[in-house]
Amino acid sequence: SDTTGDGTRENPYQTVNAALAKLSGITGTVYIMDSVDFGSSNSFYITSNVTIKGDPQRSEDVEARVTATTTSAAGHLMEIRSNGTLTVEDVTFDGNGTQRGFVWLQSNGTNMTLNLNAGAVVTNFNDSDRSYGGIICVGYGSSSGSGTINLNGGQVTGNNVNTSLGAIVLYN
């Protein structure tokens, strides 16, 4: 439960959003034990060094999967802001066919990094209904951001986007 959980293996949070809220502004790691919901309809802001990864102690036959069950009003599950780093490893982020975007490296932000490491999969996001955005977006329109995207064995696959833009959009 998000209200009674304490983030331990014995008493985990129900949603990723609740776990991330405990890391707000500090460096830390969220381990995904099995299939969980992202939570909240608001984007979560990454302002420090945060890692989301599959729990290495989970059974081999259990997939670490985060599903967006509520569409974010802002369009992306997470926003990386200045000096923020998000590292994803050995976990699938599933947009559930309705969530528009995975992550936005904020407009006018600096020193922002997204690392999609081995086993990271970003799939099933749907950003086909608007003329801007992307599944992963750096900056926006005339407001450019300064960010780095590292694909270190991670995948962005099986998404639906506006064909004039693509899954990864870099505004400058």
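The structure this text deals with has already been given above.
Described in the following lines is the structure provided in the data block. In this text the structure is predicted, and so the values were computed from the model without any measurement.

A few words on the sheet that holds strand E17 (residues 168-170). Spatially, five strands are ordered E3-E6-E9-E13-E17 in an open sheet, and the strand pairing comes out parallel. Looking at the sheet topology across the chains shown, the edges are occupied by strand E3 (44-46) and E17. Taking the axes of each pair of neighbouring strands and ignoring which way they run, one obtains an average angle of 15° across the sheet. Looking at chain direction, strand E13 (residues 136-138) and E17 are connected through three bridges and run parallel. Paired with Ile-136 across the two strands is Ile-168, which belongs to E17.

What follows covers the pattern of salt bridges. Under the counting rule described, the total for this entry stands at six salt bridges. One salt bridge connects Asp-94 with Arg-65, and the closest N-O pair in it is separated by 3.1 Å. Linking Asp-94 in strand E8 (residues 92-94) with Arg-65 in strand E5 (residues 65-67), this pair joins segments that are 29 residues apart in sequence. Between Glu-79 and Arg-81 there is a salt bridge, and its shortest N-O distance comes to 3.3 Å.

The tally for this structure, following the rule as stated, stands at two aromatic pairs. Seen in terms of ring centroids, Phe-102 and Phe-125 are 6.0 Å apart; in terms of plane orientation they differ by 65°. Their pairing is edge-to-face. Residue Phe-102 is found in strand E9 (residues 101-105), and its partner Phe-125 is found in the loop between strand E11 (121-123) and strand E12 (126-127); the two are separated by 23 residues along the sequence. As far as the burial class goes, Phe-102 and Phe-125 line up, both buried. The ring of Tyr-45 carries Arg-81 above its face, with NZ or CZ at 3.5 Å from the centroid.

Our focus in this paragraph is unusual backbone geometry. A positive phi angle is found at Asn-83, which is not glycine, with a value near 65°. Looking at the element boundaries, Asn-83 is found in the loop between strand E6 (76-80) and strand E7 (85-89). In this structure, Asn-124 takes a positive phi of about 65° despite not being glycine. Mapped onto the fold, Asn-124 is located in the loop between E11 and E12.

Here the focus is the side chain of Asn-117. The topology assignment puts Asn-117 in strand E10 (residues 112-117). Asn-117 sits in the buried class, given a relative accessible area of 16%. Side-chain polar atoms of Asn-117 contact the side chain of Asn-152, separated by 3.0 Å. Filtering out sequence-adjacent residues up to four positions away, Asn-117 remains in contact with Thr-87, Val-88, Glu-89, Asn-152, Gly-153 and Gly-154.

Once that is clear, we can look at the sheet that holds E7. Taken together, five strands build an open sheet; the order of strands is E1-E4-E7-E10-E14 and the sheet is parallel. Both outer strands of the open sheet, strand E1 (28-32) and strand E14 (147-152), are each paired with one neighbouring strand and no more. Each strand axis lies, on average, 10° off the axis of its neighbour in the sheet, ignoring direction. Bridging between strand E4 (residues 49-54) and E7 involves five bridges; their strand directions are parallel. Note that in E7 the partner of Val-50 across the bridge is Leu-86.

Cut-offs applied
- Residues numbered from 1 in each chain as written.
- Predicted model: local features only at pLDDT ≥ 70, side-chain atom pairs only at ≥ 80, totals over all residues.
- Heavy atoms only, no water.
- Pairing = 2+ DSSP bridges.
- Helix = DSSP H or I, 4+ residues; strand = E, 2+ residues; numbered from the N terminus.
- Axes fitted to C-alpha atoms, helices over the stretch in contact; angles between N-to-C directions.
- Salt bridge = Lys/Arg side-chain N within 4 Å of Asp/Glu carboxyl O.
- Phe/Tyr/Trp six-rings, centres within 6.5 Å; stacked < 30°, edge-to-face > 60°.
- Buried < 20%, exposed > 50% of the residue type's maximum accessible area, 1.4 Å probe, protein only.
- Lys NZ or Arg CZ within 6 Å of the ring centre and 35° of its normal.
- Polar contact = N/O pair within 3.5 Å; in protein donor to acceptor, adjacent residues only side chain to side chain.
- Contact = heavy atoms within 4.5 Å.

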